[in-house]
Amino acid sequence: MAQYTAVIDIGSNSMRMAVFQKTSRFAFHILHEVKSSVRISENAYKNGGYLQDEAMDRTARALGEFLSVARSFGVRKILCVATSALRDAPNANQFISRIRHHYNLSIKIISGEKEAYYGGIACANLLPPLKDAITVDVGGGSSEFTFLRNGKVEQLFSLNIGTVRIKELYFDTGDINGAIRHIDSVLSSLPDLVSETLIGIGGTFRALTRALMKKEGYPLKKLHAFSTTETSFLRFSEQIQGATTKKLKSLYIKPDRFDTIKPGTLILDRIIRHLKVKTLICSGVGVREGVFLSDLLRNAKDRFPANYNPSVRYLLDTYAIHSDHALECSHLCRGLFELIGSHLGIPPRYKHELIIAAKLLSIGVGIQYYAYQAHSHYLALNALDYGLSHPQIVLISHLLLFKKGARSSELIPKNSYGSLLPDTTTLNNLSMILWLSNILLASRVDSKQIGLKFDNPTLTVHGSNLYLAREQLKHIILPKNLTLVLKD
Ligand code: LMR
Ligand code: MG
């Protein structure tokens, strides 16, 4: 697969392009994104679905510039898909030929089921694992649904309810009740999907989530994997529905959403009530990532290998200059956790975060050696996007902070992510295990050369290269219920 791939999604409301860079077999990151609110579906719904000249002209111009952006990255592969507006349009071919002729670009109109599938595999692969969930992608012309179970896409649906469609057919004439009746009757054609969790995809859901996070003063600037309850979402939805334009601004809605946010919110509101979900999770990924993944993972049944995290791999590929030490550290951390974790009362599930933190221990050196811990922390906090929940991302990145003689809990930044961290004792013990491992490997020996034994409350460490380690032990604070003995 090419190192750089651009994916263009011609949505019915906005058109977007993402440029992906592959950093190793399955690892990638987004190098660039462009969005244009071209609204190709404008005025189509009252005109038999026909794309209108002005809307096609705008889209063609924007598309030309998207391609210029893609070329600037040396992109070799461009995958371009179009959804609801082009699916519906009797004159879609006119637009497609024009683009092929002018730009030598092939636009692929995808079915509603395929569109749902792309959203579904993006969520299944790039959100923290869930037992089951329903994904919902509210677009400009249609909404796509998938039922996910154990990371697999099991069912796909596409319904013709979308923000621009509902705006033009109902909101523009003030017929809100008509909109509700229409949405509800379309939704009644869905089979019974039972899950407590809804994953929201698409521009409308992201706009609402961004606004809700700002309003609530959420401490992280991350949309992807943000989770909220049906109650707070519906309460916010009511405020949006009743808001004047001025009020929408103070509710953190951006001007380019003013005319579609109410129909969009209404659609989501009806879907949430219809499906009776309890938890809502925002997905920062959707059709574009799905198109990219189905290319990347085409020989792997559209799934990453078990226990594979593309963000962790991307960070290691890009910043870990000499990663053997961090890998040895992760082995030692695992050994220590298994030996003393339960004695210290640390819930077993934190082993996962501890081991990822150990692997990422020295990524900050890729920026600069001095204060590398702060650099590692920043990199992890910002670039760990996929496959982890916010509390996991915060814990991993916080563990990467280190100050001689200080406890981890003393390093929590003020007015920040502290509320997402585990309790102080757990945090300090996890940090102690991580940094003790680092110190025990100060002479950069193989972790296999370190022997560990625990006889409550004494942890005995055997090894022949512990001179430097002994000297550095004073930098960490041990819990009261643990005694450490080094034996050379
Ligand atoms: C779409 O139609 O899928 C997108 O344009 C969604 C949006 O609201 O931008
Ligand atoms: Mg879309």
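Let me sum up the structure you'll find in this document. (Residues numbered from 1 in each chain as written. Chains lettered and ligands numbered in written order. Predicted model: local features only at pLDDT ≥ 70, side-chain atom pairs only at ≥ 80, totals over all residues. Heavy atoms only, no water.)

### Description of the site of ligand 1
- Around ligand 1 lies a shell formed by Gly11, Ser12, Asn13, Ser14, Arg16, Gly139, Gly140, Gly203, Thr204 and Arg257.
- Protein contact buries 94% of the 270 Å² of open area that ligand 1 shows by itself.
- With respect to the pocket detection grid, ligand 1 is positioned in the largest cavity.
- Residue classes in the shell around ligand 1 are distributed as no nonpolar, 8 polar and 2 charged.
- The residues that make up the shell around ligand 1 include at least three from each of domain 1 (4–109) and domain 2 (113–289). (Near = heavy atom within 4 Å. Areas by Shrake-Rupley, 256 points an atom, 1.4 Å probe, with all protein chains shown as cover. 1 Å grid on protein atoms, 1.4 Å probe; cavity = no way out; pocket = protein on both sides within 12 Å on 5 of 7 lines; lining within 4 Å. Sits in = over half its atoms within 2 Å of the grid points. Nonpolar A, V, L, I, M, F, W, Y, C, P; charged D, E, K, R; others polar. Domains from an automatic or database assignment.)

### A look at the pairing of strand E7 (residues 143–149)
- Taken across its 7 residues, E7 has 6 buried, putting it largely inside the fold.
- As paired strands, strand E6 (residues 132–138) and E7 are joined by 7 bridges and run antiparallel to one another. Considered in E7, the bridge of aspartate 137 is made with glutamate 144.
- Here E6 folds back onto E7, and the loop between the two strands holds 4 residues. (Buried < 20%, exposed > 50% of the residue type's maximum accessible area, 1.4 Å probe, protein only. Helix = DSSP H or I, 4+ residues; strand = E, 2+ residues; numbered from the N terminus. Pairing = 2+ DSSP bridges.)

### Some details on the sheet that holds strand E3 (residues 28–36)
- Here we have 5 strands laid out as an open sheet, ordered E3-E2-E1-E4-E5, and mixed in their pairing. For this open sheet the edge positions go to E3 and strand E5 (108–109), each flanked by a neighbour on one side alone.
- Pairing geometry for strand E1 (residues 4–10) and strand E2 (residues 15–22), over 7 bridges, is antiparallel. Counted as the bridge partner of tyrosine 4 is glutamine 21 from E2.
- On the sheet, helix H11 (residues 287–296) packs against E1, E2, E3 and strand E4 (77–82) and is oriented at approximately 35 degrees with respect to E2. (Contact = heavy atoms within 4.5 Å. Axes fitted to C-alpha atoms, helices over the stretch in contact; angles between N-to-C directions.)

### Side note on empty space enclosed by the protein
- Under the criterion given, the structure shown has 1 cavity of 30 Å³ or more.
- In this structure, the largest cavity spans a volume of roughly 310 Å³.
- Surrounding the largest cavity, 28 residues form its lining, Asp9, Arg16, Asp137, Gly202 and Gly203 being those nearest its centre.
- When residues of the lining of the largest cavity are traced back to their parent elements, those giving at least two are E6, helix H7 (203–216) and H11.
- A per-class count over the lining of the largest cavity returns 4 nonpolar, 16 polar and 8 charged.
- Split by domain, the lining of the largest cavity shows at least three residues from each of two domains, domain 1 (4–109) and domain 2 (113–289). (Points joined across faces, edges and corners; volume = space filled by probe spheres on them.)

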